[in-house]
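Residues per chain, in single letters:
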Amino acid sequence: MTAHTHPVPLPPTVFVLFGATGDLARRMVLPAFFELAERGLLPEDWRLVGNGRGDVSHEDFRARVHEALTEFGPSPDHGPWEEFSKRLRFAGGGFGTADPGSLLDVLAGARDELGTDPQYVHYLAVPPGGFAPLTEGLGQHGLTAGARVVYEKPYGTSPETFRELDQLVLSVLDEDQVFRIDHFLGKEGTQDLHVLRFANQLFQQIWSREHVAQVQIDVPEELDVADRAEFYDATGAALDMLVTHLFQVAAEVAMEPPGSLTPTDLQAARESVLACFRQLDPTRDVVLGQFEGYRDLDGVADDSPTDTFVAARLWVDTDRWRGVPFLLRTGKRMACSAQRVSLLLRRPQGPVETVPGHGNVVSLSLSGSGSLDIGLVTKEPGPDLVLVPARTTLDLKQVPGGTPLPPYVSLIHDVLTGDRSLFTTSAGLDGAWAAFAPLQERPPQVQPYLPGTWGPRSADLLAGPEGWLLGQTATDAS
């Protein structure tokens, strides 16, 4: 794989990974960091310091990282493992305002090795309850000056807890130091929304209510929650996916053209449209579901009301989108797995009285490297004038010269370079939570659905007579 090079050399950097022995670090963060090393995208001189409560030696930590890479990839047997492992350190004893454990000593050793004051990147791969004490500890022990701090989701679990956490964070850090990560924004397909729309006159001209009848953002999952049932039962589909991932993708679709594609302008455009999301109406515009058998899982209460499915009809009150429903759907144990954004275009006026299927559809798959699908109406070959739906696909990983980055690799690279284009802001999240609040205050009753289906039948009513695009085509999972 061709290595990337930085236009501007990155400074010596110490990457502090809080929760370094936890599941998120093992599955996502450490593999992403190793892939950055494989691609030549790390600073020339760096150290990664893992932090946790346990007393783990540097050598034992290196062995754990090796195990994580062996299980989740990229394989350490086919990359720069020897050089990579020499730069790994571990600081045990936890970290907080009263007791920093061994972290300050290990960081002092890293500074001595680097021979200069490094750029600090603090990555909080910990449960949400750890965000506040770790943030206070960073401020207390003088580790915030010029640092970048990465917060995983959920960044708050309600409008009130979001504001409480954000107030604390912004009392210790400046907004431009804060990187609230959302891996859906790091997907190649999501990023392609910008270029598809703003660099192609064909699509730029149709991107409004004059031409678009409906927007569907659909993320069904075949998987269940057995390996994280206890966590999931305290969260649910709406809180886990809707207010974070799907609202952010909706903002990517709905935002006004930014002044430029710079981080500042992109974030401002996203913030502006999030503030125009109308509050959800739980009675008319939301369906919650729970797959049958969910309550039989270990860690789930016998009478759990937790939603494993949510479908919502979101309205965006801007001149561009007023009156166009944005349909959002996600759930566990559904008929297939997919991640798709689709613009269903209005039926053309003229001599063609009816068109088959959904007519014209512009659709982006966010899975993997992404793909662009165009749904057309064409004549069936033969002697009669028979209209049939057709579809053409551009697989974006086939674009010449492309070296797509997985979401976590892309986002951590952006943190290292200081690019906040794909990170949520305080103002943006405030708008998202405001739109979500009524659903949390007055959730509708959870409806059962069979595993392997498309969720409760009542969710079909949200899409109207046209229906959901996924569930009616032969290539749903693409």
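Residues numbered from 1 in each chain as written. Predicted model: local features only at pLDDT ≥ 70, side-chain atom pairs only at ≥ 80, totals over all residues. Heavy atoms only, no water.

*Asks:* Looking at this model, I keep getting lost on the overall build of the protein chain. Mind explaining?
*Replies:* A count of helices and strands for the protein chain gives 13 helices and 15 strands. Taken against the 2.2 N^0.38 rule, which gives 23 Å for 478 residues, the C-alpha radius of gyration of the protein chain at 24 Å falls within 12% of a compact globule. The buried share among the 478 residues of the protein chain stands at 53%. Surface accessibility of the protein chain: about 20,900 Å² in total, with carbon and sulfur atoms responsible for 51%. Placing the 38 positive and 64 negative side-chain charges of the protein chain at their respective mean positions leaves the two points 4 Å apart. (Helix = DSSP H or I, 4+ residues; strand = E, 2+ residues; numbered from the N terminus. Rg over C-alpha atoms; globule rule 2.2 N^0.38 Å. Buried < 20%, exposed > 50% of the residue type's maximum accessible area, 1.4 Å probe, protein only. Areas by Shrake-Rupley, 256 points an atom, 1.4 Å probe, with all protein chains shown as cover. Lys, Arg positive; Asp, Glu negative; His and termini not counted. Charge placed at Lys NZ, Arg CZ, Asp CG, Glu CD.)

*Asks:* Just to check I follow, could you spell out the nonpolar core for this structure?
*Replies:* The nonpolar side chains of a soluble globular protein tend to be buried with one another. Grouped together as the largest cluster of nonpolar side chains are 103 residues, with contacts concentrated most on Leu-242, Phe-247, Phe-277, Phe-326 and Phe-436. For this core, the leading source of residues is helix H10 (residues 237–254), giving 13 residues. Apart from the residues lying within four places of it in its own chain, the contact partners of Leu-242 are Ala-237, Phe-247, Leu-280, Val-310, Ala-312, Leu-328, Phe-436 and Leu-439. If you look at the next biggest cluster of nonpolar residues, it comprises 40 residues, including Phe-33, Leu-41, Trp-46 and Phe-179. (Core = buried A, V, L, I, M, F, W, Y, C linked by side-chain atoms within 4.5 Å. Contact = heavy atoms within 4.5 Å.)

*Asks:* What am I meant to see in the pattern of salt bridges here?
*Replies:* Side-chain pairs of opposite charge can arise where the charged atoms are in close proximity. In this structure the tally under the stated criterion is 26 salt bridges. Of the charged contacts, one joins Arg-26 and Glu-71 as a salt bridge, the two residues approaching to 2.7 Å between their closest N and O atoms. Here Glu-71 lies in helix H2 (residues 58–72) and Arg-26 lies in helix H1 (residues 23–38), a separation of 45 residues in the sequence. Judged by relative accessible area, which is 22%, Arg-26 ranks as partly exposed. The exposure class assigned to Glu-71 is exposed, which follows from its relative accessible area of 52%. Residues Glu-83 and Arg-87 are paired through a salt bridge, measuring 3.0 Å at the closest nitrogen-oxygen approach. Judged by relative accessible area, which is 41%, Glu-83 ranks as partly exposed. A cluster of three or more residues bridged by salt bridges with shared partners is formed by Asp-45, Arg-47, Glu-83, Arg-87, Arg-89 and Glu-113. (Salt bridge = Lys/Arg side-chain N within 4 Å of Asp/Glu carboxyl O.)

*Asks:* Would you mind showing me how to read the side chain of Ser-371 here?
*Replies:* Tracing the chain through its elements places Ser-371 in strand S13 (residues 371–379). If we ignore the near neighbours within four places in the chain, the residues touching Ser-371 are Arg-340, Ser-363, Leu-364, Ser-365, Thr-393, Leu-394, Asp-395 and Leu-396.

*Asks:* In this structure, what is going on with the sheet that holds strand S6 (residues 178–180)? I would like to understand it.
*Replies:* Hydrogen bonds between backbone groups are what pair the strands of a sheet, and the pairing can be parallel or antiparallel. The parallel open sheet is built from six strands, whose spatial order is S3-S2-S1-S4-S5-S6. Of all strands in the sheet, those bounded by a partner on one side alone are strand S3 (88–91) and S6. Each strand axis lies, on average, 20° off the axis of its neighbour in the sheet, ignoring direction. The pairing of strand S5 (residues 148–151) with S6 spans three bridges and is parallel. Among the inter-strand pairings, Tyr-151 is bridged to a residue of S6, identified as Arg-180. H1 contacts strand S1 (13–18), strand S2 (46–51) and strand S4 (119–124) of the sheet and is inclined by roughly 170° relative to S1. (Pairing = 2+ DSSP bridges. Axes fitted to C-alpha atoms, helices over the stretch in contact; angles between N-to-C directions.)

*Asks:* In this structure, what is going on with the sheet that holds S13? I would like to understand it.
*Replies:* Taken in spatial order, the nine strands of this open sheet run S14-S13-S12-S11-S7-S10-S9-S8-S15, and their pairing is mixed. Two strands bound the open sheet, and with one partner strand each, they are strand S14 (387–395) and strand S15 (447–449). Neighbour-to-neighbour, the strand axes of the sheet open up by a mean angle of 20°, direction not taken into account. Two strands pair when backbone bridges link them, and strand S11 (residues 340–345) and strand S12 (residues 361–365) are joined in this way by five bridges, in the antiparallel orientation. What sits directly across from Arg-340, in S12, is Ser-365.

*Asks:* Honestly, a nonpolar patch on the surface in this entry has me stumped. Any pointers?
*Replies:* A cluster of nonpolar side chains, Val-352, Leu-385 and Leu-387, forms an exposed patch at the surface whose accessible area comes to about 270 Å². Mapped onto the elements, Leu-385 comes out in the loop between S13 and S14. Classification of Leu-385 as exposed rests on a relative accessible area of 70%. (Patch = residues over 30% accessible without salt bridge, like charges linked within 9 Å, V, L, I, M, F, W, Y side chains within 5 Å.)

*Asks:* Before we go on, may I ask you to explain the packing of H10 against helix H11 (residues 263–274) in this structure?
*Replies:* Each packed pair of helices is defined by two parameters, the angle between the axes and the distance between the axes. Close contact between H10 and H11 brings their axes to 9 Å; oriented N to C, the two are set at 105°. On the basis of their axis angle, the class for H10 and H11 is roughly perpendicular. Only Arg-270, Val-273 and Leu-274 of H11 make contact with H10, whose side of the interface consists of Phe-247, Gln-248, Ala-251, Glu-252 and Ala-254. When its residues are assigned to classes, the contact of H10 with H11 shows five nonpolar, one polar and two charged. (Parallel < 35°, antiparallel > 145°, perpendicular 65-115°, else oblique. Nonpolar A, V, L, I, M, F, W, Y, C, P; charged D, E, K, R; others polar.)

*Asks:* Is there a simple way to explain H2 in this structure?
*Replies:* What sets the pattern is the α-helix's 3.6 residues per turn: residues three or four places apart point alike. Compared with an ideal rise of 1.5 Å per residue, which puts 15 residues at 21 Å, H2 spans 21 Å between its outermost C-alpha atoms and is within 8% of the ideal. Of all the residues in H2, the buried ones are Phe-61, Arg-62, Val-65, Ala-68 and Leu-69. All buried residues of H2 fall inside an arc of 120° around its axis, so they share one side. Exposed residues pointing more than 90 degrees away from the buried face of H2 are listed as Glu-59, Thr-70 and Glu-71. Residues of H2 that are buried make contact with H1, S2, helix H3 (81–85) and S3. Positioned one or two residues after H2, Gly-73 has a phi angle of 75°, which is positive. (Expected span 1.5 Å × (residues − 1). Arc of directions from axis to C-beta.)

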